[in-house]
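So the chains spell out like this:
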Amino acid sequence: MTFTVTPDALARAEAGESAAADGIGRELSGSDEFGAEGYRLEITASGVTLRASEPAGLFWGVQTLRQLAAGDGVLPGGTIEDRPRFAYRAAMLDLARHFFTVDEIKAHVDLLVQFKINHLHLHLTDDQGWRLEIPGWPRLTEIGGGPGTGCDGEGPGFLTLADYADVVAYAAARFVTVVPEVDMPGHVNAALVAYPELTADGQPVAPRTDAEVGYSSLVAGKEETYAFVETVLKTLADATPGPYLHIGGDECLSTSAEDYRAFLSRVLPLPGKYGKRAIGWHEIAAAGLPEGAVVQYWRPEQQDTGVDAAVAAGRAVIMSPADRVYLDMKYDADTRLGLDWAGLVPVRRAYDWDPARHLPGVTEEALLGVAAPLWSETLRSVADVQFLTFPRLPAIAEVGWSPQARRDWESFRERIALFGPRWEAAGVSYFRSPEIWAAD
Ligand code: TNX
């Protein structure tokens with residue numbers, strides 16, 4: 001028993017416009033039985049019935065139809081009832097080391113949602129660039145987003161607030177929440193270049209386009225710092241309908257431990273003041289974390305007493321261990337792009353792990369979800385982004401969606417193999433991993 005759908009019918013179903021002739025019925029169940037994102041699909045010889053409690057569930061159900069329709073549009077008959085393991089399933093794009101345009105970000109969202117990724121984390125600022133307009137602080141983007149910014153000076157550009165709103169709305173229409181990150185107190189050289197009054201001695205600092213980390217810091221003991229940070233976070237909060245603001249907090253190697261805590265004790269409450277939850281890289285666990293704050297664990301080590309303590313205090317965790325989910329790690333020793341400081345990350349390594357077993361103190365209940373960062377030091381194009389993202393991101397998306405007991409590498413391998421021809425037809429770059437595709 002099968003039913004055949006056309007690409008147009010799938011597109012209409014995705015947009016919420018399916019016609020009777022499409023054979024795809026979509027219904028909201030009127031109860032919460034499927035949860036915020038779950039759905040049920042019934043496929044018979046006479047058509048498809050898709051039910052969900054919320055519009056997001058209908059949207060993810062259509063993505064499952066897309067996966068099942070494998071090229072020829074033929075859907076196998078049967079019933080699928082499905083819902084996500086984690087509420088937060090993110091991909092991160094680093095716009096600071098290399099800028100990507102509004103259209104490029106939108107096209108990336110279109111590819112991410114096919115795997116039910118529901119958060120887009122934008123790393124907007126770093127030592128090499130500042131990529132979001134902040135009213136009252138024009139030199140951040142004039143200089144920090146201007147010519148010669150980004151790694152090797154090859155990633156200039158920035159988002160105006162109108163551009164950002166455009167990205168946010170586009171993502172929201174596809175049930176993706178944008179999570180903006182302004183990294184602080186470290187990773188701020190671009191801000192210090194634009195506004196020398198933020199440096200310790202008020203003296204100008206030179207722009208940097210190399211990939212070093214840990215040399216720049218906002219000054220914990222200066223009031224100008226907090227006026228700046230508060231304007232930035234209020235701007236972000238006003239521009240962001242989603243519930244999270246990411247304040248970075250990683251690799252502050254030139255900030256003393258005391259200054260780091262002093263800075264965060266003033267900054268971590270600010271997202272809450274503007275109605276948002278703070279997310280920070282896990283180093284923030286060294287400070288007192290306000291209620292609702294979330295720590296994002298990024299190290300490969302399977303032990304972190306700070307994160308354990310944050311969980312014991314009731315804080316939620318996002319898992320991003322670099323040796324499993326960093327999309328900027330090389331797949332193998334020959335990979336032209338990417339880094340290898342956390343080791344090589346072949347596709348199976350990204351698939352075969354359990355977020356609830358990476359740190360002893362972080363169990364299922366403490367997990368908000370899983371996120372796959374893509375840092376862009378070595379990236380120069382959308383093709384580069386896609387090459388490191390596919391097929392690894394789908395592996396991580398399944399870690400975030402499917403129950404651990406139902407996941408199986410051999411099954412994933414067979415299913416993702418079908419995407420090779422699809423990506424080729426769509427002009428999407430990907431790594432033809434020998435783990436998935438036999439040598440041609
Ligand atoms: C570490 S992971 C960083 C980034 C780099 C990345 C490269 C983290 C929170 N910070 O600044 O881009 O490694 O893999």
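Please refer to the structure placed before this passage.
In this report, we go over the structure that sits alongside the text.

What follows covers the overall build of the chain. Looking only at helices and strands, the chain features 16 helices and 16 strands. Against the 2.2 N^0.38 benchmark of 22 Å for 440 residues, the chain shows a C-alpha radius of gyration of 22 Å, consistent with a compact globule. Expressed along its principal axes, the backbone C-alpha trace of the chain runs to roughly 75 × 45 × 40 Å. Put simply, the chain has 440 residues, and 56% of those count as buried. Residue pairs at least 24 apart in sequence account for 71% of intrachain contacts in the chain once pairs closer than 6 positions are excluded. Accessible surface, the chain: about 16,900 Å² in total, of which carbon and sulfur atoms supply 52%. Treating the 38 positive side-chain charges of the chain as one cloud and the 62 negative ones as another, the clouds have centres 3 Å apart.

Remember that side chains alternate between the two faces of the sheet whenever the strand is regular. A large share of strand 12 (residues 244–248) lies buried, amounting to five of its five residues. Side-chain alternation along strand 12 places Tyr-244, His-246 and Gly-248 on one buried face and Leu-245 and Ile-247 on a second face that is also buried. Both strand 11 (residues 177–184) and strand 12 contribute to a ladder of two bridges, which runs parallel. Residue pairing for strand 12: Met-184 is matched across the bridge by Gly-248. Relative to strand 13 (residues 277–281), strand 12 runs parallel, the two being bridged by three bridges. Following the sheet pairing, His-246 is matched in strand 13 by Ile-279.

So, about the sheet that holds strand 13. Taken in spatial order, the eight strands close into a barrel running 7-8-11-12-13-14-15-16, and their pairing is parallel. When the angles between neighbouring strand axes are averaged without regard to direction, this sheet yields 25°. For strand 7 (residues 88–94) and strand 8 (residues 119–123), the ladder comprises five bridges, and the chain directions are parallel. Within strand 8, the residue paired with Leu-93 across the bridge is Leu-122.

At their nearest, the axes of helix 1 (residues 7–14) and helix 2 (residues 55–68) sit 9 Å apart, and the two run at 165° to each other. Viewed along their axes, helix 1 and helix 2 adopt a mutual orientation that is roughly antiparallel. Read as a crossing pair, helix 1 and helix 2 show a hand that is left-handed. Across from Leu-10, Ala-11, Ala-13 and Glu-14 in helix 1, the residues of helix 2 making contact are Phe-59, Val-62, Gln-63, Leu-65 and Arg-66. Here the contact of helix 1 with helix 2 is composed, by residue class, of six nonpolar, one polar and two charged.

The rules behind the values
- Residues numbered from 1 in each chain as written.
- Predicted model: local features only at pLDDT ≥ 70, side-chain atom pairs only at ≥ 80, totals over all residues.
- Heavy atoms only, no water.
- Helix = DSSP H or I, 4+ residues; strand = E, 2+ residues; numbered from the N terminus.
- Rg over C-alpha atoms; globule rule 2.2 N^0.38 Å.
- Buried < 20%, exposed > 50% of the residue type's maximum accessible area, 1.4 Å probe, protein only.
- Contact = heavy atoms within 4.5 Å.
- Areas by Shrake-Rupley, 256 points an atom, 1.4 Å probe, with all protein chains shown as cover.
- Lys, Arg positive; Asp, Glu negative; His and termini not counted.
- Charge placed at Lys NZ, Arg CZ, Asp CG, Glu CD.
- Pairing = 2+ DSSP bridges.
- Axes fitted to C-alpha atoms, helices over the stretch in contact; angles between N-to-C directions.
- Parallel < 35°, antiparallel > 145°, perpendicular 65-115°, else oblique.
- Left-handed = near helix turned anticlockwise from the far one by under 90°.
- Nonpolar A, V, L, I, M, F, W, Y, C, P; charged D, E, K, R; others polar.

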